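Each chain is listed here by its residues.
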Amino acid sequence: QVQLVESGGGMVQAGGSLRLSCAASRSIFNINTMGWYRQTPGKQRELVANSISSGAVTYADSVKGRFTISRDNAKNTVYLQMNSLKPEDTAVYYCRANYYSNGWKIDWGQGTQVTVSS
């Protein structure tokens, strides 16, 4: 199991920036996919961005050009730089690890709240 701890959430005005961090309990070098998801009350959790171990990254259309996901393997940490924030970005943001260990596994962090005021 990989324990994930998110930090960096908070309240910001529209147009502002935040950087979320996700610290893993072990090396993320061989973790296939590290991702950020978000969820608002009454809605399903949705993908924000993924970082694949090959170096590829993917983004939801709603955040392309504004958010950047990155990995620091030396620090076992994944970041989500969020710029030009909008009120509709308000959500709880979760870090997710998808990896193979005697079968495919998925672990989640506890989430961090991001609130964007207009």
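Residues numbered from 1 in each chain as written. Predicted model: local features only at pLDDT ≥ 70, side-chain atom pairs only at ≥ 80, totals over all residues. Heavy atoms only, no water.

Draft legend 1. Molecular detail of the pattern of salt bridges. Tallied over the full model, the rule gives 4 salt bridges. Note that Lys64 is salt-bridged to Asp61, the shortest N-O span being 3.1 Å. According to the relative accessible area criterion, Lys64 is exposed, its value standing at 51%. We classify Asp61 as exposed; its relative accessible area is 64%. A single network of salt bridges, built from pairs that share partners, joins Arg38, Glu46, Arg66 and Asp89. (Salt bridge = Lys/Arg side-chain N within 4 Å of Asp/Glu carboxyl O. Buried < 20%, exposed > 50% of the residue type's maximum accessible area, 1.4 Å probe, protein only.)

Draft legend 2. Just the pairing of strand 10 (residues 104–108), in detail. Note that strand 9 (residues 91–100) and strand 10 share 5 bridges and pair antiparallel. Within the sheet, the bridge partner assigned to Tyr100 lies in strand 10 and is Trp104. (Pairing = 2+ DSSP bridges. Helix = DSSP H or I, 4+ residues; strand = E, 2+ residues; numbered from the N terminus.)

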